[in-house]
Amino acid sequence: KSWVLRGGFLVFVGTLVLASLQLDEADTADRPSETYRLVNASTGYALWGCGGVYLCMGVLCFRRLKAFYMARVKKKKLFKAERQYLSAQKADIERLLKDTESQLESL
């Protein structure tokens, strides 16, 4: 659910792939083939790119989620205030209705 964590994880894995490529190249006894190096480098940079996109989108989404949450809280407060106002009006109307009924009975 968290895009920021997912992006951070992808950047971390991309870094591990590129680091393993550097370690493989440092080993002079068993040098990897050119195709292997190209695939590993492409994979590492692709993971970095995807992780960066996830990080950016996660940060942007946090702002939108916060704004959505704040709007929801504001709506709840307005609904609560309106409910209290309507409850007070209902009590007044019921009181007036009882007064009117008692006046009609006395006639």
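Thresholds applied
- Residue numbers here run from 1 along each chain, matching the order of that chain's written sequence.
- Where totals are concerned, whole chains, interfaces and linings use all residues; where local detail is concerned, this predicted model gives features only for residues with pLDDT of at least 70, and gives and counts side-chain atom pairs only at 80 or more.
- Values reported for side chains reflect all heavy atoms of the structure, with hydrogen atoms and water molecules removed beforehand.
- Strands are runs of DSSP state E lasting at least 2 residues, helices are runs of H or I lasting at least 4, and numbering of each runs from the N terminus.
- Radius of gyration here uses only the C-alpha atoms, and the compact-globule reference equals 2.2 Å multiplied by the residue count raised to the power 0.38.
- Three labels apply to residues, based on accessible area from a 1.4 Å probe with only protein chains included: buried if under 20% of the type maximum, exposed if over 50%, partly exposed otherwise in between.
- Working rule for contacts: check all heavy atoms of both residues, and any pair within 4.5 Å makes them a contact.
- Residues counted as positive are Lys and Arg, residues counted as negative are Asp and Glu, and His and the chain ends are not counted.
- To locate a charge, take NZ of a lysine, CZ of an arginine, CG of an aspartate or CD of a glutamate.
- The span one expects for a helix is its residue count, reduced by one, times 1.5 Å.
- Axis lines are fitted through C-alpha atoms, for helices just across the contact stretch, and the angle between N-to-C directions can take any value from 0 to 180 degrees.
- Every angle not falling under 35 degrees, over 145, or within 65 to 115 is termed oblique; those three ranges are roughly parallel, roughly antiparallel and roughly perpendicular.
- By convention, the crossing between two helices is left-handed when the near helix turns anticlockwise from the far helix through less than a right angle, and right-handed when the turn is clockwise.
- Each residue receives one of three labels: charged for Asp, Glu, Lys and Arg, nonpolar for Ala, Val, Leu, Ile, Met, Phe, Trp, Tyr, Cys and Pro, and polar for the others, Gly being one of them.
- When a carboxyl oxygen of Asp or Glu lies within 4 Å of a side-chain nitrogen of Lys or Arg, that pair is called a salt bridge.

Now, about the overall build of the protein chain: what can you tell me, with residues and values included?
Along its length, the protein chain carries two helices and zero strands. The C-alpha atoms of the protein chain give a radius of gyration of 33 Å, which is well past the 13 Å a tight globule of 107 residues would have. If you line up the protein chain on its principal axes, its C-alpha atoms span 115 × 15 × 15 Å. A burial count over the protein chain gives 11% of its 107 residues as buried. Taking as baseline every contact in the protein chain between residues at least 6 positions apart, the subset at least 24 positions apart corresponds to 72%. Here the protein chain carries 17 positive and 11 negative side-chain charges, and the mean point of each set is 5 Å from the other.

Tell me about helix H1 (residues 3-26), and please be specific about residues and values.
End to end, H1 covers 34 Å across 24 residues, agreeing with the expected 34 Å (1.5 Å per residue, within 8%). Taken residue by residue, H1 has Gly7, Leu10, Gly14, Val17, Leu18 and Leu21 as its buried positions. Each element contacted by the buried residues of H1 is listed here: helix H2 (34-106).

So what's going on with the packing of H1 against H2? Residues and values would help.
Two elements in contact, H1 and H2, have axes whose closest approach is 7 Å; the angle formed by their N-to-C orientations is 160°. With respect to each other, H1 and H2 are oriented roughly antiparallel. The hand of the H1/H2 crossing is left-handed. By residue class, the composition of the contact of H1 with H2 is 19 nonpolar, ten polar and four charged.

Explain the pattern of salt bridges to me, using residue names and the numbers behind them.
Applying the stated criterion across every chain yields a total of two salt bridges. Here Glu34 makes a salt bridge to Arg37, at a shortest N to O gap of 3.3 Å. Of this pair, Glu34 and Arg37 are both found in helix H2, three residues apart, which corresponds to roughly one turn of the helix. The exposure class assigned to Glu34 is exposed, which follows from its relative accessible area of 53%. For Arg37, a relative accessible area of 29% translates into the label partly exposed. Residue Arg95 pairs with Asp99 through a salt bridge whose shortest N-O separation is 3.5 Å.

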